[in-house]
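Chain and residue survey
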Amino acid sequence: MTLETCLKPLSGSADKGFRVELMLNQNRFFAGQEARAILTTTQDAYIYLYSVDFDLNAARVFPVEGARGNRSSAGRPLIFPNEENSAAGVRVVAELPKGASSSVEMLRVLAVRSDAASLLDSARS
């Protein structure tokens, strides 16, 4: 399986009522600041969060070792990292690329109705 970071129009058979909202705890981060993602789905789903660079390489941010529990219930926010993740040492910290004074980070969400971990674990970006 190959992950592609692109947006495609919904097909005629797509569930147009299935939506995901991604918010961060703030709009701008400085090096060393911790980020927190708040994800809400309109239907029960399994959530996968990826960081995507400008060369379109995707790196999974969630779920990762120490931060599982990617099942989202419709209308209930899923927070990453949550208190349990933080207690286990899981953090999302803003870092600049070597030699850069600023950067833009893209986060992409994959929300699916059934657990796709076995497929995604072997995916390349």
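Our structure is the block above this text.
The notes below deal with the structure included here. For every chain, the first residue of the written sequence is number 1, and numbering continues from 1 along that sequence. Restriction of local features to residues with pLDDT of at least 70 applies here, the model being predicted, together with a cutoff of 80 or more for giving and counting side-chain atom pairs; totals for whole chains, interfaces and linings are based on all residues. The basis for every side-chain value is the complete set of heavy atoms in the structure, and neither hydrogens nor water enter the calculation.

Some points on the overall build of the chain
Heads up, the condition is: In this text, helices come from DSSP runs of H or I with a minimum length of four residues, and strands from runs of E with a minimum of two, each type numbered from the N-terminal end. Buried, partly exposed and exposed residues are distinguished by accessible area as a fraction of the type maximum, computed with a 1.4 Å probe on protein chains only: under 20%, between the cut-offs, and over 50%, respectively.
Across its full length, the chain holds two helices and seven strands. From first element to last, N terminus to C terminus, the chain shows the α and β order β-β-β-β-β-β-α-β-α. A total of 125 residues make up the chain; the buried ones form 26% of that total.

A word on the packing of aromatic side chains
Centre distance and the angle of the planes are the two values used to describe a pair of aromatic rings. Under the convention used in this document: What counts as a ring pair is set by centres within 6.5 Å for rings of Phe, Tyr and Trp (its six-membered ring), and what kind of pair is set by the plane angle: stacked under 30 degrees, edge-to-face over 60, tilted for all other angles.
Summed over all chains, the structure comprises one aromatic pair. Consider the rings of F62 and F80, whose centres lie 4.6 Å apart with planes at 35°: the pair is tilted. One end of the pair, F62, is in strand β4 (residues 58-62); the other, F80, is in strand β6 (residues 78-80), with 18 residues separating them in the sequence. The buried category is assigned to F62, whose relative accessible area is 1%. Assessed through its relative accessible area of 2%, F80 is described here as buried.

Observations concerning the pairing of β4
The line we're drawing: Paired strands, as defined in this entry, are two strands with at least two bridges between them according to DSSP.
Bridging between strand β3 (residues 45-52) and β4 involves four bridges; their strand directions are antiparallel. Bridge pairing in β4 links L49 to F62. What sits between β3 and β4 in their antiparallel hairpin is a turn of five residues, with L56 showing a positive phi close to 65°.

A look at the nonpolar core
Selection rule: Joining through side-chain atoms within 4.5 Å is the link that ties buried Ala, Val, Leu, Ile, Met, Phe, Trp, Tyr and Cys residues into a set, and such a set is a nonpolar core. By definition, residues are in contact when any of their heavy atoms lie within 4.5 Å.
In terms of nonpolar packing, the biggest core is built from 13 residues, with L39, L49, F62, A67, F80 and A111 touching the most fellow members. Within the residue set of this core, elements represented by two or more residues are β2 (37-41), β3, β4 and β6. Among the elements that take part in this core, β3 stands out by supplying three residues, more than any other. When near neighbours in sequence (up to four residues on either side) are disregarded, L49 contacts L22, A37, A59, R60, V61, F62, L107, R108 and V109. Listed in part, the six residues of the second largest apolar core include Y48, Y50, V52 and A116.

Re the sheet that holds strand β1 (residues 20-24)
The line we're drawing: Inter-axis angles, ranging from 0 to 180 degrees, are taken between N-to-C directions of lines fitted to C-alpha atoms, where helices are fitted over the stretch in contact.
Across the sheet, which stays open at both edges, the three strands sit in the order β1-β2-β6 with antiparallel pairing between neighbours. At either margin of the open sheet sits one strand with a lone partner, and together these are β1 and β6. Between one strand axis and the next, the sheet turns through 20° on average, direction left out of account. Looking at chain direction, β1 and β2 are connected through five bridges and run antiparallel. Looking at β2, one finds that M23 is bridged to I38.

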